[in-house]
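Remarks on the overall topology
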Amino acid sequence: VEDDGMEISSIQIFIQEEPECQVLSQNPCLPSDESCNNLHSSLKPRNYQLELALPAQKGKNTIICAPTGCGKTFVSLLICEHHLRSFPHGQKGKVVFFANQIPVYEQQETVFSRHFERLGYSVAGVSGATTENVSVQHIIENYDIIILTPQILVNSLNNGTIPSLSVFTLMIFDECHNTSKNHPYNQIMFRYLDHKLGQSPDPLPQVIGLTASVGVGDAKTVDEAMLHICKLCAALDVSVIATVRDNVEELEQVVYKPQKIFRKVESRTTNTFKSIISQLMRETEKLAKNVSEELGKLFQIQNREFGTQKYEQWIVDVHKACMVFQMADKEEESRICRVLFLYTSHLRKYNDALIISEDAQMKDALNYLKAFFHDVREAAFDETEQDLTRNFEEKLEELENVSMDPSNENPKLRDLYLILQEEYHLKPETKTILFVKTRALVDALKKWIEENPALSFLKPGILTGRGKTNQATGMTLPAQKYALEAFRASGDNNILIATSVADEGIDIAQCNLVILYEYVGNVIKMIQTRGRGRARDSKCFLLTSNADVIEKEKANMFKEKIMNESISRLQAWDKIKFEEKVHHIQMQEKLIRDSQHKPQPVPDKENKKLLCGKCKAFACYTADVRVVEKSHYTVLGEAFKERFVSKPHPKPKIYDSFEKKAKIFCAIQNCRHDWGIHVKYKTFEIPVIKIESFVVEDIASGAQNRHSKWKDFRFERIQFDPAEMSN
Ligand SMILES: [Zn+2]
């Protein structure tokens, strides 16, 4: 479910290794291959997989740390099977497997069902998408193996439907490096540790964690890294870290580490485009500064640089501050808020355009701005917008000329072109994944490839994350799957331009060329990106004009080195010493946790006003808001219908029980702020609003707040009731 006003139910996104297909035969198979479906008929573990499974099979709580693509899921099958078989007649084990991401969850459910149902064990799964009609308690009682998204267990423990973790005999955490801070994994382990350290007599389950990288946090030395890893072990109550040590050669034959190549490229030397846009930004900032004495101060910050992510952050903060600005004179407040909304939105778009022109062609940036100003004209188009549009149009011809001038070609693209030429010349069947920073850059680079006759051998596809950004809504899961299928099927696409989907558990098929185009991440992400280039002879290029990016990547490689060093030192430690260390950390952390114990947030039952986020016009009361299918919010009553206008949706769509029909906007003539959509739901035509479009005002105190997501907004949620609609 994507798009305006529709929010994915509160599934948190964390760093994620791609789900693995069990590579059991000599030839690695693609997930779409038939051979994968015959998993059970070809169960022959490799030696390194047996090595990894051994400590867990001896009953030890273990973290299994092994590279992406080596078949860790299969190792967990081995452990699980051994565990279930180890019970004497008359006793039964119960296994729970946690997966953070829906695609991983789906894949695990399939793999476990296929494997274990044949052996006579029952397998069931519960994810955020399926909780509605099932009793979690019933499933846990009646099945041998349960696949869960962790938040579900946290909820069941919190509301008491599951009294204790003692119901399980084995818990497996996929991507276990996430067990920190307030992640649901850690919340589960807090329960476990309270139980253990409180010396409750009930038995606790064995704990297994799977990861490609335990990470080192901010560690700069091996000692600090060892402490970081000990903390993770303490969080999971682990006494053994299993890595491949006896069968390294065999592992290296399966998991190939692509060669990493750093390419420092040059930026443009002169940049007229940038100077013109920067001038427009300075003028817009000046106009904004003069709107209000009080808010003008926000614009007096020194040393901010146009065209940076930092500027983006700053302007978003200013934008938010302006939305909740209050005055005694409500009409004046409305005027000021609306005008500043426009200035800050324009500044964001100009900043986006500079980011695009830095990494792609000037004309892409210019087209981006032209599309924005076209939309502005189509909407309310009040006096302020007309002024801003005029300022832009005065420069338009000059901008067009600059962007058409061949001498302004982006030297970074020239480098990218050379790499692609060379690699496809050497190996015409090359499959490439090109990672870029933003969604707008994905579109710009796709266009650049398609319009460049010398790159006609490339057939680009795109893949973007599911999250919503300021620039665009994300791709839905089915759309992601479709894009990947087209990439896998030979002939359709041979280059995939992607944003950071690495975090979403998407299984990217084999590719032999990974290009990180001005793209950098942390050490866990780096190991995962490398895992994507699974095919032999694969290469990974890091292309950047910024020496810092190369330094940062080298720092990541250094972190990986100290991580490996730390693990082997810890493995050499005496067993007692290690257990004592872990126990000490657990006691310390529990002490801290207990002393900071905060009461559960209670929903705020006070009725509140929702005001238009742009012009502050009254929209509705929270008491009129109803929740539809858990994650969508509508407003009851005839009065609300007067407060918005609708326009047919440019992309009408049907998903689940919803049919998206129109977009809705603030009814105030010179505002027309985007409020959400209008849908057909069952037999009803209802508006669905997004909270980010509104400001929440407390009726008693008059205090104003804003929320980007419904789930962050504490108020009494009332379920949608069809009976109420007929009243
Ligand atoms: Zn409005």
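Residues numbered from 1 in each chain as written. Predicted model: local features only at pLDDT ≥ 70, side-chain atom pairs only at ≥ 80, totals over all residues. Heavy atoms only, no water.

Of the regular secondary structure elements, the chain holds 23 helices and 23 strands. Within the chain, buried positions represent 54% of all 727 residues. Counting only contacts in the chain whose residues sit at least 6 apart along the sequence, the fraction spanning at least 24 positions is 72%. (Helix = DSSP H or I, 4+ residues; strand = E, 2+ residues; numbered from the N terminus. Buried < 20%, exposed > 50% of the residue type's maximum accessible area, 1.4 Å probe, protein only. Contact = heavy atoms within 4.5 Å.)

A word on the coordination of the zinc ion. Ligation of the zinc ion by protein atoms is provided by Cys-612 (SG), Cys-615 (SG), Cys-666 (SG) and Cys-671 (SG), these donors lying 2.3 to 2.4 Å from the ion. Between consecutive donors of the zinc ion, the numbers of intervening residues give the motif C-x2-C-x50-C-x4-C. Of the two residues, Cys-612 sits in strand S14 (residues 608–612) while Cys-666 sits in strand S19 (residues 658–666), which places them 54 residues apart along the sequence. Since its relative accessible area comes to 0%, Cys-612 is described here as buried. Its relative accessible area of 1% is what places Cys-666 among the buried residues. (Donors = N, O, S within 2.8 Å, 3.2 Å for Na, K, Ca; no water.)

So, on to the pattern of salt bridges. Within this structure, the stated rule accounts for 34 salt bridges. When the shortest N-O distance is used, the salt bridge between Lys-447 and Glu-451 registers 3.9 Å. Residue Lys-447 and its partner Glu-451 are located together in helix H17 (residues 439–451), separated by four residues, close to a single helical turn. Judged by relative accessible area, which is 35%, Lys-447 ranks as partly exposed. By relative accessible area, which is 41% here, Glu-451 ends up partly exposed. (Salt bridge = Lys/Arg side-chain N within 4 Å of Asp/Glu carboxyl O.)

Ile-277, Leu-340, Phe-392, Leu-416, Leu-434, Leu-445 and Ile-515 are the most contacted members of the largest nonpolar core, which totals 84 residues. When residues of this core are assigned to their parent elements, the largest contribution, ten residues, is made by helix H13 (residues 330–359). Not counting residues within four places of it along the chain, the set of residues in contact with Leu-434 comprises Leu-416, Leu-445, Ile-495, Leu-496, Ile-497, Ala-498, Ile-515 and Tyr-517. Within the second largest apolar cluster, 49 residues are counted, among which are Phe-98, Tyr-185, Cys-233 and Phe-578. (Core = buried A, V, L, I, M, F, W, Y, C linked by side-chain atoms within 4.5 Å.)

It is worth spelling out the environment of Glu-642 at this point. Relative to the helices and strands, Glu-642 resides in the loop between helix H22 (638–641) and strand S18 (644–655). For the pair Glu-642 and Cys-666, spaced 24 residues apart in the sequence, the C-alpha separation amounts to 9.7 Å.

Turning next to helix H7 (residues 184–197). The end-to-end C-alpha distance of H7 is 20 Å, a good match for the 20 Å that 14 residues give at a rise of 1.5 Å each. When H7 is considered as a whole, its buried residues turn out to be Pro-184, Tyr-185, Asn-186, Ile-188, Met-189, Tyr-192, Leu-193, His-195 and Leu-197. Tucked into the core, H7 has its buried residues touching strand S2 (95–98), helix H6 (150–158), strand S5 (170–174), strand S6 (206–211), helix H8 (222–235) and helix H21 (575–595). (Expected span 1.5 Å × (residues − 1).)

Here the focus is the packing of helix H10 (residues 272–289) against helix H15 (residues 383–404). Here H10 crosses H15 at 170 degrees, and the two axes come no closer than 10 Å. Regarding the angle of H10 to H15, the classification is roughly antiparallel. Side by side, H10 and H15 meet where Thr-272, Phe-273, Ile-276, Ile-277, Leu-280, Glu-283, Thr-284 and Leu-287 of the first sit next to Leu-388, Asn-391, Phe-392, Lys-395, Glu-398, Leu-399 and Val-402 of the second. Looking at the contact of H10 with H15, its residues break down into nine nonpolar, three polar and three charged. (Axes fitted to C-alpha atoms, helices over the stretch in contact; angles between N-to-C directions. Parallel < 35°, antiparallel > 145°, perpendicular 65-115°, else oblique. Nonpolar A, V, L, I, M, F, W, Y, C, P; charged D, E, K, R; others polar.)

Taken in spatial order, the six strands line up as S8-S13-S12-S9-S11-S10 in an open sheet, and their pairing is parallel. For this open sheet the edge positions go to strand S8 (259–264) and strand S10 (460–463), each flanked by a neighbour on one side alone. Within this sheet the neighbouring strands show an average axis-to-axis angle of 20 degrees, counted without direction. Across five bridges, the pairing between strand S12 (residues 513–517) and strand S13 (residues 539–544) is parallel. Its bridge partner being in S13, Tyr-517 is matched across the sheet by Leu-543. Strands in contact with helix H20 (residues 547–572) are S8, S12 and S13; relative to S8, the strand with the most contacts, it is inclined by about 160 degrees. (Pairing = 2+ DSSP bridges.)

These figures capture arrangement, not role.
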